[in-house]
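Observations on the model geometry
Spelled out from the first residue to the last, the chains are:
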Amino acid sequence: MQRDMQKDRDVSEDLVETAIRVAGERGVDVADVPLSVLAEAAGVSRSTLVRRLGGTRRTLDEAVRAAGVDPGGLPVRDRAVAAAASIIGEHGLAAVTLEAVAAEAGCSLPSLHAVFQGRDGLLTAVFERYLPLNEVEALMADPPATAEETVRALLRTFAGGFVRERSVFPAVMADVLARPSGPGRHVWSRAVLPRVLGSVGVWLSEQARTGRFKPLPVPILAQLLVGPLMTHLLLRPTLEPLFGSEMPSVDATVDMFADAFLAAVAPETPGREN
């Protein structure tokens, strides 16, 4: 037990030292070093790093601060991501340019390029902030004991991310669906889907392989799991005025969709007639 605690502490110290070194090499605050860059420098996968940080980079910032180094007061990354989200919510994804974000965030273009390496990097950071990617990866790194508990936890995580920022997610999805060659589709296919499939997709594949779920293709299982809830949440602001008190709460709705998914993918019982 003592050796395990010491090992965890050593790993934390290594991450802190790596974060400080990489920030110095890039000429930015520790808070402005992307987790993907830090993971590569530390020689681990991004999902492993997220798991070590407990799903939030505040853990790293606190450890860096405890080591006597200021990780950054209000970093360019945070100001730029918040500014981009505001622009997306008001004007749509197409209006997000580095020039517009720099003006909104009160920072320089060179600092945006240093932190994000371009517009795609900025949009990826926005997606990461306002879509619950880190939370999903942390959950799937150590999922609940049963498939049913995992399904409910996943749907609650997705719903929580949507409710947290209602203006960004609909705008992102509108761009993804309406513009096949637009920035939303580009970043979605390169940055979002690989992470979702690398965590949730792997778990769904294992459930199908071991017979807990029907042997359906992973994309179909993923759509059955997330698609109905996301559609409901996108339409919910329109539905609530129409149905009033008849509209179930978000938590109750999550449970209904979880039950529906589990029933849909339950393996066939031998001898049961179709």
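Above this note sits the structure.
Computed from a prediction, not measured in an experiment: that's the story for all the values here. Each chain has its residues counted from 1, following the order in which its sequence is written. Whole-chain, interface and lining totals are the exception, using all residues; otherwise, since this is a predicted model, local features are given only for residues with pLDDT of at least 70 and side-chain atom pairs are given and counted only at 80 or more. Heavy atoms throughout the structure, all of them, feed into the side-chain values; hydrogens and water do not.

1. Looking at the overall build of the protein chain
- When its secondary structure is counted, the protein chain shows 14 helices and zero strands.
- Numbering of helices and strands runs from the N terminus; a helix is a DSSP stretch of H or I covering at least four residues, while a strand is a stretch of E covering at least two. Starting at the N terminus and walking to the C terminus, you meet the elements of the protein chain as α-α-α-α-α-α-α-α-α-α-α-α-α-α.
- Atoms considered for the radius of gyration are the C-alpha atoms alone. The globule rule reads 2.2 Å times the number of residues to the power 0.38. Relative to a compact globule of 274 residues, whose C-alpha radius of gyration would be 19 Å, the protein chain shows 21 Å and is just as compact.
- Seen through its principal axes, the protein chain has C-alpha atoms that stretch 65 × 55 × 35 Å.
- Each residue is assigned to one of three classes by its accessible area relative to the maximum for its type, calculated with a 1.4 Å probe on protein chains only: buried under 20%, partly exposed between the two thresholds, exposed over 50%. Scored against the burial criterion, the 274 residues of the protein chain give a buried share of 43%.
- Expressed as a percentage of contacts within the protein chain between residues at least 6 apart in sequence, the contacts between residues at least 24 apart total 62%.
- Here the positive residues are Lys and Arg and the negative ones are Asp and Glu; neither His nor the chain ends is included. Lysine's charge is taken at NZ, arginine's at CZ, aspartate's at CG and glutamate's at CD. Each charge class in the protein chain can be summarised by its mean position, and for the 28 positive and 34 negative side chains these summaries are 3 Å apart. For this analysis, residues touch if any pair of their heavy atoms sits within 4.5 Å.

2. Points about the packing of aromatic side chains
- Pairing of aromatic side chains requires ring centres within 6.5 Å, counting the rings of Phe and Tyr and the six-membered ring of Trp. Pairs whose planes differ by under 30 degrees are stacked, by over 60 edge-to-face, and all others tilted. Taken as a whole and assessed by the stated rule, the structure comprises two aromatic pairs.
- Seen in terms of ring centroids, Trp203 and Phe213 are 5.7 Å apart; in terms of plane orientation they differ by 80°. Their pairing is edge-to-face. Placement of Trp203 in helix α12 (residues 183–209) and of Phe213 in the loop between α12 and α13 (218–243) is noted, with a sequence separation of ten residues between them. As far as burial versus exposure is concerned, Trp203 and Phe213 are alike and both buried.
- Ring centres 5.6 Å apart and planes at 90° place the aromatic pair Phe213 and Phe261 in the edge-to-face group. With Phe213 in the loop between α12 and α13 and Phe261 in helix α14 (residues 250–265), the pair connects residues that are 48 residues apart, well separated along the chain. For the pair Phe213 and Phe261, a shared accessibility class is recorded, and that class is buried.
- Through pairs of rings, three or more aromatic residues link up here, namely Trp203, Phe213 and Phe261.

3. A closer look at the pattern of salt bridges
- Counted as salt bridges are all cases of a side-chain nitrogen of Lys or Arg within 4 Å of a carboxyl oxygen of Asp or Glu. Applying the stated rule across the entire model yields eight salt bridges.
- Here Arg152 and Asp259 are joined by a salt bridge, their closest N and O atoms 2.4 Å apart. Placement of the pair is Arg152 in helix α10 (residues 147–164) and Asp259 in helix α14, with a sequence separation of 107 residues.
- A residue is classified by how much of its surface remains accessible, and Asp259, at 41% relative accessible area, is partly exposed.
- Residue Glu206 pairs with Arg209 through a salt bridge whose shortest N-O separation is 2.7 Å. Note that Glu206 and Arg209 are positioned in helix α12 at a spacing of three residues, about one turn of the helix.
- Via salt bridges that share partners, Glu148, Arg152, Arg156, Asp255 and Asp259 belong to a single interconnected network.

4. A closer look at the nonpolar core
- With 81 residues, the main nonpolar core has Val101, Leu112, Leu122, Val151, Leu204, Phe213 and Leu225 as its most contacted residues.
- If one sorts the elements of this core by residue count, α12 sits on top with nine residues.
- Contacts of Phe213, omitting those with residues within four sequence positions, involve Ala147, Val151, Trp203, Leu204, Gln207, Ala208, Phe261, Leu262, Val265 and Pro267. Put simply, a nonpolar core is a bunch of buried Ala, Val, Leu, Ile, Met, Phe, Trp, Tyr and Cys residues held in one set by side-chain atoms that sit within 4.5 Å of each other.

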